[in-house]
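Chain by chain, the residues run as shown.
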Amino acid sequence: MTGLIAGAAAVAAAGFSARWNWWRPGVKGLSVLMYHKIGTPPKGPNLGTLWVSSEMFAKQVDYLLKHGFTPVLFRDIVAAQRGGKALPEKPVLITFDDGYKNNYTQAYRILKEKGAKGNIFLVYNTMEKNNEWHNPDTEPWLPMLSWAEVNEMLASGVMDMGSHTMNHANLAKIPLEKAGWEMRESKKRLEEKLGHEIPCFAYPYGSGAFVPEVRKLALEAGYLFDFSVRQGISPWPWTQDMGPVKRIFVRGDDFMLDFHLNMTRGKARF
Ligand SMILES: [Zn+2]
């Protein structure tokens, strides 16, 4: 009987380890969470994993605060990088790609309520419009942030802004000259519009992050930090020669166990 129970436990444990990597040693460094849409998805989207419910997002923010993580802004990592105030011991950058209006109505509201902070990568030409780069067959177009919302969030000190190109361009698939323009022009326009430096950039689709010519153009455009979609936790202090900053993709169907493993191991599943 004991043997049977032990056997069953071993089988369960084997199944558990095959799916999750809880047994890996912990990793320290700069944890960067990558979100897209917060709230309830419209009917029948094929891109459900990019939606995290407001309840789940609130739970995840609670987890961070309870476990000693300090949510920071782009301006905090930039200051630390330039020799200013050092980052807290367990820094976490909560980032949102694309600039959906639900980042204001849901994410900003929740972060503010809990005393946390986040950062949004904006697509300049889609501001005040919708996500036109996206195929409406897989999910209806979604409204994007307005400049008024962005300014309010910036002034609150709860959210910071970065660039995600002019048109959500797939940088590895367009001519280099155009890719360079997407990165330079969005930095310049956002800085003019918002009146402060935009030192952080995320590659749309993660595309081009590991194409040396594309990354060179990103750094030449003057970005201090470039963010990929490669899964993991980057070392801190970080330098550009270590490659683009890694991020932790928070999927809409993640359990809190996944979130915990992501925060401690940089990765939840295989
Ligand atoms: Zn994007």
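First, a word on scope: everything that follows refers to the structure included in this document. Bear in mind the structure is a predicted one, so any value in this text is a computation, not a measurement.

Criteria and thresholds
In this numbering scheme, every chain counts its residues from 1 along its sequence in written order. Where local features are concerned, this predicted model is filtered to residues with pLDDT of at least 70; where side-chain atom pairs are given and counted, the filter is 80 or more; whole-chain, interface and lining totals use all residues. By convention in this description, side-chain values take in all heavy atoms of the structure and omit both hydrogens and water. Secondary structure is summarised from DSSP: a helix means a run of H or I of at least four residues, a strand means a run of E of at least two, and numbering begins at the N terminus for each. Any two residues whose heavy atoms approach within 4.5 Å at even a single point are treated as in contact. Coordination here is defined by N, O and S atoms within 2.8 Å of the metal (3.2 Å for Na, K and Ca), and since water is not considered, a site can look incomplete. Only protein chains enter the calculation, and the probe is 1.4 Å; a residue is then buried if its accessible area is under 20% of its type maximum, exposed if over 50%, and partly exposed in between. Paired rings are identified among Phe, Tyr and Trp, the last through its six-membered ring, by centres lying within 6.5 Å, and are further divided according to the angle between planes into stacked (under 30 degrees), edge-to-face (over 60) and tilted (the rest). Lysine and arginine charges are scored as sitting over a ring when NZ or CZ, respectively, is within 6 Å of the ring centre and within 35 degrees of the ring normal. This arc is built from the directions going out from the helix axis to the C-beta atoms. Here the rule is simple: two strands pair whenever DSSP picks up at least two bridges between them.

Topologically, arginine 75 is positioned in helix α3 (residues 74–81). Measuring from C-alpha to C-alpha, the distance between arginine 75 and proline 199 comes to 8.3 Å, with 124 residues separating the pair along the chain. Other than its neighbours up to four places away in sequence, arginine 75 contacts Leu154, Met159 and Asp160.

Here the focus is the coordination of the zinc ion. Looking at the zinc ion, the protein donor atoms are Asp98 (OD), His164 (NE2) and His168 (NE2), and they sit 2.1 to 2.2 Å from it. In terms of primary sequence, the donors binding the zinc ion are separated according to D-x65-H-x3-H. Residue aspartate 98 is found in strand β5 (residues 91–98), and its partner histidine 168 is found in the loop between β7 (159–163) and α6 (176–194); the two are separated by 70 residues along the sequence. In this pair, the class of aspartate 98 matches that of histidine 168, namely buried.

On to the packing of aromatic side chains. By the definition in use, this model includes 14 aromatic pairs. Taking the centre distance of 5.5 Å and the plane angle of 20° together, the rings of tyrosine 104 and tyrosine 108 count as stacked. Of the two residues, tyrosine 104 and tyrosine 108 are both situated in helix α4 (residues 102–114); the distance of four residues between them amounts to about one turn of the helix. On the basis of relative accessibility, which here comes to 4%, the residue tyrosine 108 falls in the buried class. With centroids separated by 5.1 Å and ring planes inclined at 25°, the aromatic side chains of phenylalanine 225 and tryptophan 238 adopt a geometry described as stacked. Taken together, the residues span a long stretch of sequence, with phenylalanine 225 in strand β9 (residues 225–231) and tryptophan 238 in the loop between β9 and β10 (245–249) at a distance of 13 residues. Aromatic ring contacts, followed pair by pair, group Phe74, Phe121, Phe225, Phe227, Trp236 and Trp238 into a single cluster. Directly above the ring of phenylalanine 69 sits lysine 90, whose terminal nitrogen or CZ lies 4.4 Å from the centroid. Above the face of the tyrosine 223 ring, lysine 187 is positioned so that its terminal group lies 5.8 Å from the ring centre.

A separate point is helix α5 (residues 147–156). Within α5 the residues assigned to the buried category are Trp147, Glu149, Val150, Met153 and Leu154. All buried residues of α5 fall inside an arc of 160° around its axis, so they share one side. Of the residues in α5, the exposed ones pointing more than 90 degrees away from the buried face are Ala148 and Ala155. Positive phi appears at glycine 157, one or two residues downstream of α5, with a value of about 75°.

Of all five residues that make up strand β1 (residues 31–35), five are buried, and the element is covered over most of its length. Judged by which residues are buried, β1 turns out to be covered on both faces: Ser31, Leu33 and Tyr35 on one side and Val32 and Met34 on the other are all buried. Bridge analysis of β1 against β5 gives five bridges, and the strand direction is parallel. If you follow valine 32 over to β5, its bridge partner there is leucine 93. Inspection of the sheet shows β1 paired to β10 by two bridges, in the parallel sense. Bridged to leucine 33 within β10 is isoleucine 248.

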